[in-house]
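Coordinate inspection notes
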Amino acid sequence: MPFIPHTEKDTREMLDAIGAETIADLFDEIPKELLIEHLQHVPEALSEMQVTRLMHDRASMDGAPLCFIGAGAYEHHIPTAVWDLATRGEFYSAYTPYQAEASQGTLQTIYEYQTMITELTGLDVSNASLYDGASALAEASLMAVRTNRRAKSGVVLLAPGVNPVYEKVAVAIAGAQGLVFERLPQDAATGNVDFDALPEGREPVAVVVQQPSFPGTLEDVDRLTNWAHEQNAVLVGIANPVALALLKPPGQWGDEGADIACGEGQPLGVPLSSGGPYFGFMTCKQKHVRQMPGRIVGRTTDLDGNPGFALTLQAREQHIRRSKATSNICTNQGLMVTAATIYMSLLGYDGLRSVAAASHANTQALLAGLTAINGVEKLYDGAFFHEVALRLDRPVAPVLEALASRDMLGGFDLSSFAGLDALLICATETKTAADIDSFVAAFAETMSGSKLKSA
């Protein structure tokens, strides 16, 4: 982004106009004991060319390892056009579209995004995005309280496969507002909900299910949705948007569909970027729209009948009356949503379905190769999308360390994260048959080598 500094003449004219001698005079209210002469460990200024060279050198230190990690953030191919367009000045520097007359391009982009997300999830209304998938779950839980006022328990029941990080974030945000998060019983064979042990009479505010689950399994979402509604609970679905190109959308779960759907939008054209920034999505049934946090963009017409776009159902309490606000932490990740909108527009339904199908096929091939190795077996029975958990006959961490030394990121160690002594692997459409074969060969050598050393 271009930077235009003030000249010394500009600065002098400004100081003269306001009657100050130096820039330091503008900060004379700061106690002297809090001031420092210089910043320690901060090097001298560099030129643009030097900074560019430095950052390229540091980026190259990461290398280009072959990645089979998923666990909530996924390496998908992003067409060059996505970020070439998203980083144009018209999008890159735009943020909050409060002035509709000056923000028609941004508003239309968000409107198109909302349309695509509702089509993916099978629900009626989408907001203009949230901070990330984890905070989206917290917001969905608080929204469930507002929509389900009959439930007084304050309990939100989580299916076993809900991402543990999402639970921690939801507890940090919504737990402070009186919500209690509890896990539903787990079937040891499938890793999913144990329907024979479901609690009765709890009167939960909401039931949350993730599809696909964090360890990669596919829940019986129809049965769980119907059970939740029998308990007079709101059903919140967490979904992978790419998986929705193949799987039944939340709006069609059970007899009545999910009430709210949310999740992480990173797979839709947002690079891994060492963990962010990402964005969260949220959709709901029409009858719950007034309790939805964040912004909603609607299509309208002006006095001359021309189409236009504006923020709608925007509660002023969001800005001036915190105690009455629908939410005070949600944010519109506008740039990420712009990229996602362009990504979905370029791929279309068929393209997104092709990405999902290729990812599933690659993970099937990866699973077949790895489970042919002695000491490796599938952890859970049942179907999966593009992630699957494996049980090894030894600790996971040393295996991953050995693979990393060969420039391969071999998966996610569940032992220190979800209480499972297992390895979570993932393959997307970016992996070739040669990638999978070389990884399986390296995995086999690693398992054989570590076994010889331990013997």
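Now for a description of the structure that goes with this document. Values in this document were obtained by computation on a predicted structure and should not be read as measured data. (Residues numbered from 1 in each chain as written. Predicted model: local features only at pLDDT ≥ 70, side-chain atom pairs only at ≥ 80, totals over all residues. Heavy atoms only, no water.)

1. Quick look at the overall build of the protein chain
Each helix and strand in the protein chain was counted, giving twelve helices and 15 strands. A principal-axis box enclosing the C-alpha atoms of the protein chain has dimensions of 80 × 55 × 50 Å. For the protein chain, the residues scored as buried account for 46% of the 455 residues in total. Within the protein chain, contacts between residues separated by at least 24 positions form 73% of all contacts whose residues are at least 6 apart in sequence. Summed over its atoms, the accessible surface of the protein chain is roughly 23300 Å², and 53% of this surface lies on carbon and sulfur atoms. In the protein chain, 32 side chains carry a positive charge and 54 a negative one; their mean positions are 5 Å apart. (Helix = DSSP H or I, 4+ residues; strand = E, 2+ residues; numbered from the N terminus. Buried < 20%, exposed > 50% of the residue type's maximum accessible area, 1.4 Å probe, protein only. Contact = heavy atoms within 4.5 Å. Areas by Shrake-Rupley, 256 points an atom, 1.4 Å probe, with all protein chains shown as cover. Lys, Arg positive; Asp, Glu negative; His and termini not counted. Charge placed at Lys NZ, Arg CZ, Asp CG, Glu CD.)

2. Considerations on empty space enclosed by the protein
Across all of its chains, the model carries four cavities of 30 Å³ or more by this definition. In this structure, the largest cavity occupies an estimated 220 Å³ of space. Along the walls of the largest cavity sit 21 residues, with G72, Y74, Q210, P212 and N240 positioned nearest its centre. If you list the elements that add at least two residues to the lining of the largest cavity, you get β5 (206–211), β6 (234–239) and β7 (260–264). Residues of the lining of the largest cavity, tallied by class, amount to ten nonpolar, nine polar and two charged. A domain-level breakdown of the lining of the largest cavity finds at least three residues from each of domain 2 (66–75 + 350–446) and domain 3 (80–341). (1 Å grid on protein atoms, 1.4 Å probe; cavity = no way out; pocket = protein on both sides within 12 Å on 5 of 7 lines; lining within 4 Å. Points joined across faces, edges and corners; volume = space filled by probe spheres on them. Nonpolar A, V, L, I, M, F, W, Y, C, P; charged D, E, K, R; others polar. Domains from an automatic or database assignment.)

3. Description of the layout of surface pockets
A volume near 400 Å³ is recorded for the largest pocket. Those elements that place two or more of their residues in the lining of the largest pocket are α6 (133–147) and α7 (164–174). Split by residue class, the lining of the largest pocket holds twelve nonpolar, six polar and two charged.

4. Section: the nonpolar core
In terms of nonpolar packing, the biggest core is built from 49 residues, with V207, L224 and V236 touching the most fellow members. Secondary structure elements with two or more residues in this core: α6, β3 (155–158), α7, β5, α8 (221–230), β6, β7 and β8 (280–284). Counting residues per element, this core draws most heavily on α6, which supplies eight residues. L224 has contacts with A159, L184, V193, F195, V207, V209 and L235, leaving out every residue within four places of it along the chain. Ranked by size, the runner-up nonpolar core spans 29 residues in total, among them L120, A243, I342 and L352. (Core = buried A, V, L, I, M, F, W, Y, C linked by side-chain atoms within 4.5 Å.)

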